[in-house]
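Summary of the model geometry
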Amino acid sequence: MVKTQGEIETFVEFAEKVKKLYDEKASMDLEFDDAPEDFKDPLMSTLMRDPVLLPSGMVMDRHIIERHLLNSNTDPFNRQPLDSDMLIPREADHMYKMLQR
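The structure reproduced in this document is the subject of the present report. (Residues numbered from 1 in each chain as written. Predicted model: local features only at pLDDT ≥ 70, side-chain atom pairs only at ≥ 80, totals over all residues. Heavy atoms only, no water.)

This part is about the environment of His 68. Inspection of the secondary structure assignment puts His 68 in helix 2 (residues 62-71). In this structure His 68 comes out as buried when scored by relative accessible area, which is 18%. Ignoring anything within four residues of it in the chain, the contact list for His 68 reads Thr 74, Asp 75, Pro 76 and Arg 79. (Helix = DSSP H or I, 4+ residues; strand = E, 2+ residues; numbered from the N terminus. Buried < 20%, exposed > 50% of the residue type's maximum accessible area, 1.4 Å probe, protein only. Contact = heavy atoms within 4.5 Å.)

Now the structure itself:
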C-alpha cells in the first residue's frame, strides 16, 4: 500500500508530537520520583494532578479513576458500586497539610 506525500507528512508530524509528549512525561517522572507517596496515585504511582476522594477513603487521580469507571462501575479497592458523582475533590491545600504531618 503506497501512501501519499501528505499522508506521510501527517504521520511524521504525529510521531513528533508523540515523541515530545513521551519526553515530557519521562522528564516529569524523574523530576517527581521522590515525591511523597501521599501525592502519588495508588494504582499508577504517578503524581496526582486532580486528586479525588473515593467513598472507600482512598485518594486517586481523577483521570485514572474515571478511566477505570469506563470499564467497571466499582471502586477498585473494595469492589463496591462507584460512579463519578461519588468522587469528592481534594484541594491542593489538603495535600499540603498531609505533607506537614
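Okay, the sheet that holds strand 3 (residues 88-89) next. Spatial ordering of the open sheet is given by 2-1-3, a layout of three strands whose pairing is antiparallel. The strands lining the two open edges of the sheet, one partner per strand, are strand 2 (59-61) and strand 3. When strand 1 (residues 51-53) meets strand 3, the two strands line up antiparallel, connected through two bridges. Each residue of the ladder has a partner; that of Leu 53, found in strand 3, is Ile 88. Seen against the sheet, helix 2 touches strand 1, strand 2 and strand 3 and runs at an angle of roughly 85° to strand 2. (Pairing = 2+ DSSP bridges. Axes fitted to C-alpha atoms, helices over the stretch in contact; angles between N-to-C directions.)

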